[in-house]
Amino acid sequence: MKKILVSVISLMLMSFYLTAQSPAFLTVAESSDYTATSAYDDVMSFIARLEKSSKYIRVETIAVSSEGREVPLLVIGNPLPKSAESLANDPRVVVYVQANIHAGEVEGKEASLMFARDLLSEKKPALLKNVVLLICPNFNPDGNEKMSAQSRPHQNGPKEVGIRYNGQMLDLNRDGMKAESPEVRGLISNVFNKWDPDVFMDCHTTNGSYHIEPVTFTWMVNPNGDNSLINYMKTKMVPEMSATLYNDYKVENCFYGEFRNMINPDGWFYDAVDPRYLTNYYGLRNRLAILNENYVYADYKSRVLGCYYLIKTLVEYSSENSSGIVSMLRNTDEKTIRRGLNPAVADSFAVEYKVRPIDEKVTIKTYEVERSSEPNVYPPYRRTDKRKDVTVPYFIDYYPTRSVKFPYAYLITNNDPDITGLLKIQGIKLEKLTEETTVEAERFQITELTPARRLNQGHYTNTIKGNYIKGKIGFPAGTLVVRTAQPLANLAAYLLEPESNDGLVTWNYLDRYMAPQWGSGYNLYPVYRVLEPVDLKTVIL
């Protein structure tokens, strides 16, 4: 109890310090004494004032939402980069912080604006020596404007917040691979492809288990990303940030997860492994990504201040380790390209995977719970006031259980503008054959194609089964070619592999090509795998 009291007092002192620094330049959270959150116009007015206050900031537009609102991007640096291209030989690390993707989860929006204000209030911000900082405080402006007291009623403040979905009723944190929303298409084109941030953090609020810590966060986990980067996040970056956040800023925190059994906790689980989630998506791009989940039952003020200091800790860590991060990511890209030039027998793509605990157990400060006496309620228990700490395995290490050999190239026989458009938006390098070519290749023979029984993001998502058949196959001039000797090869493979759980098959991009209009059976899967290096005469699209 003493530690909790010290933490609360520390957060109160931090709040006083932040407010005292700029009494006339406050976010809605601060000016309302943490009872309200910023509307779209509040955010845009605050950003306009930031831009007038400092020579170290420029504002760009990531996208325009389906309802016509701009999604802003704050570019902060000293010197301020003239363009993304001007950073080609710049040693600074690029850090991107994104908030309000789910517009009921609002503390990241307020915290990121506060952090930008305080950073820019310094005459020569020391943190900007090694960092170019990008911030999007309001990634889902349409959802943000639908504020209601009925949105997230279980959340401990503020009184009214926005909704989870964008103006198209899409969950933007399920759109990384299919990229159907203007917000995510803009994010990929105007942030990820353009600025190529080395580090990305996405700010959310939890929905689940009871615990004390107001801030939780974790790393990208999909096993088809580069394992050395996952290991770096797991063993170095995230643990060091956690220690700094607590030791320097007195913010209680833990790695993000959920108890599957709150009554008798036997593990701390993280199950959002697919790349439709943007942090995992970004891991496929050979970059570092952090998911921030602030604790829903902590009071709003503690969540905002905790998130503020997490952002500060992230930028500090990135600054202190800038040269190592930039070098590591450059080496990872080069390693990925080398693999694609001549894939080894051991190089593979995981089509099925499971989770196991990491070596170190985690301690979570939680509560005892009692089974609920009310029928048909979720969760089926209620929290008591009795505190307890539990030390349990952390189930977050995803490993392949079935894999296929990583190919030299993919050949796509259907030049569909929806498919080529998606691949180009994703930043994947496309070529086409300039002449008829016969090569040894694998085709996938479909034996089962099953749509989901319930719509998911407007899709009856597919699962597929079949067999790989190898042989000499002729391809006409104009066939699309995706070589895997490119930095985004892992992303390309995830989209194009037939058995991928989050690719073109999953999201119905290939439906019209895989089944005939009449009769039974299936057509040929229109993406072929070339396993060994071969001379392909191509031009770049």
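In case you missed it, the structure is sitting above this.
Computed from a prediction, not measured in an experiment: that's the story for all the values here.

*Asks:* What is the right way to read the state of the cysteines from this model?
*Replies:* Simply put, disulfide is the name for a covalent bond between the sulfur atoms of two cysteines. Scanning all chains against the criterion turns up zero disulfides. With no disulfide of its own, Cys307 lies 4.0 Å from the sulfur of Cys203, the closest cysteine sulfur. In this structure Cys307 comes out as buried when scored by relative accessible area, which is 0%.

*Asks:* In this structure, what is going on with the nonpolar core? I would like to understand it.
*Replies:* Soluble globular proteins: nonpolar side chains tend toward being buried together. Among the nonpolar cores identified, the biggest contains 155 residues, and Ile76, Tyr96, Leu133, Trp219, Met237 and Leu288 are the most heavily contacted of them. If one sorts the elements of this core by residue count, helix α9 (residues 300–320) sits on top with 11 residues. In contact with Leu288, not counting residues within four places along its chain, are Asp198, Val199, Phe200, Met220, Leu229, Tyr232, Met233, Met237, Tyr282, Ile325, Met328 and Leu329. Leu433, Ala441, Tyr528 and Leu536 belong to the second largest nonpolar core, which has 12 residues in total.

*Asks:* Can you help me understand the pairing of strand β5 (residues 199–205) in this one?
*Replies:* Summarising burial for β5: seven of the seven residues are buried, a large majority. Relative to β5, strand β3 (residues 93–98) is paired through four bridges, and the arrangement is parallel. For Gln98, the partnering residue across the bridge sits in β5 and is Asp202. Where β5 and strand β10 (residues 288–294) come together, seven bridges link them in parallel fashion. Paired with Phe200 across the bridge in β10 is Ala289.

*Asks:* Can you help me understand the packing of helix α4 (residues 107–120) against α9 in this one?
*Replies:* If you want to describe how two helices pack, look at the angle between their axes and the distance between the axes. Closest axis-to-axis distance for the α4/α9 pair is 8 Å, and the angle between their directions is 50 degrees. Taken together, the axis directions place α4 and α9 in an arrangement best described as oblique. Between α4 and α9 lies a crossing whose hand is right-handed. Where α4 abuts α9, its residues Glu107, Gly108, Glu110, Ala111, Ser112, Met114, Phe115 and Asp118 lie against Tyr300, Arg303, Val304, Leu305, Cys307, Tyr308, Ile311, Lys312 and Val315.

*Asks:* Please explain the sheet that holds strand β4 (residues 131–136) as it appears in this structure.
*Replies:* Within a sheet, each strand pairs with its neighbour through backbone hydrogen bonds, oriented either parallel or antiparallel. Strand order in the open sheet made by the eight strands is β1-β2-β4-β3-β5-β10-β6-β7, with mixed pairing throughout. The open sheet has two free edges, formed respectively by β1 (57–64) and β7 (253–255), since each of these has just one partner strand. Taken over all neighbouring pairs, the strand axes of this sheet differ in orientation by 20 degrees on average, direction set aside. With six bridges connecting them, β3 and β4 associate as parallel partners. When the sheet's bridge partners are listed, Gln98 is paired in β4 with Cys136. Sheet strands in contact with helix α6 (residues 182–195) are β1, β2 (70–76), β3, β4 and β5, and its direction is about 140 degrees off that of β1. Across the sheet, α9 lies against β3, β4, β5, β6 (215–219) and β10, angled at about 170 degrees from β5, the strand it touches most.

*Asks:* Explain the sheet that holds strand β14 (residues 394–405) here, please?
*Replies:* As summarised here, the arrangement of the four strands in space is β8-β9-β14-β11, forming an open sheet in which the pairing is mixed. Since the sheet does not close on itself, it has two edges, and those belong to β8 (258–259) and β11 (348–357), each with one partner.

*Asks:* Quick question: what am I supposed to make of the packing of aromatic side chains here?
*Replies:* Describing an aromatic ring pair means giving the distance of the ring centres and the angle of the ring planes. This model, assessed by the stated rule, comprises 25 aromatic pairs. Arranged with centres 5.4 Å apart and planes meeting at 65 degrees, the rings of Phe192 and Phe200 form a pair that is edge-to-face. Look at Tyr295 and Tyr297: their rings are 5.6 Å apart centre to centre, the planes differ by 75 degrees, and that puts the pair in the edge-to-face class. Note on Tyr297: relative accessible area 25%, which makes it partly exposed. Pairwise contacts between aromatic rings join Tyr96, Phe192, Phe200, Tyr281 and Tyr282 into one cluster. A cation over an aromatic ring shows up here: Arg339 above the ring of Phe406, its NZ or CZ 3.8 Å from the ring centre.

*Asks:* Sorry if this is basic, but what is going on with the pattern of salt bridges here?
*Replies:* It is possible for side chains bearing opposite charge to pair when their charged atoms get close. The full count for this structure, using the stated rule, is 35 salt bridges. The partner of Arg152 in a salt bridge is Glu105, and the shortest N-O contact between them spans 3.6 Å. You can see Arg152 sitting in the loop between α5 (141–144) and α6 and its partner Glu105 sitting in the loop between β3 and α4, a full 47 residues away along the chain. What makes Arg152 buried here is its relative accessible area of 14%. For Arg512, the salt bridge identified is with Asp416, shortest N-O distance 3.5 Å. Within this pair, whereas Arg512 is found in helix α13 (residues 511–514), its partner Asp416 is found in the loop between β15 (409–412) and α11 (417–425), the two being separated by 96 residues in sequence. With a relative accessible area of 56%, Arg512 lands in the exposed category. Through salt bridges with shared partners, one network takes in Glu105, Arg152, Arg164, Asp171 and Arg174.

Each value, and the rule that gives it
Residues numbered from 1 in each chain as written. Predicted model: local features only at pLDDT ≥ 70, side-chain atom pairs only at ≥ 80, totals over all residues. Heavy atoms only, no water. Disulfide = S-S within 2.5 Å. Buried < 20%, exposed > 50% of the residue type's maximum accessible area, 1.4 Å probe, protein only. Core = buried A, V, L, I, M, F, W, Y, C linked by side-chain atoms within 4.5 Å. Helix = DSSP H or I, 4+ residues; strand = E, 2+ residues; numbered from the N terminus. Contact = heavy atoms within 4.5 Å. Pairing = 2+ DSSP bridges. Axes fitted to C-alpha atoms, helices over the stretch in contact; angles between N-to-C directions. Parallel < 35°, antiparallel > 145°, perpendicular 65-115°, else oblique. Left-handed = near helix turned anticlockwise from the far one by under 90°. Phe/Tyr/Trp six-rings, centres within 6.5 Å; stacked < 30°, edge-to-face > 60°. Lys NZ or Arg CZ within 6 Å of the ring centre and 35° of its normal. Salt bridge = Lys/Arg side-chain N within 4 Å of Asp/Glu carboxyl O.

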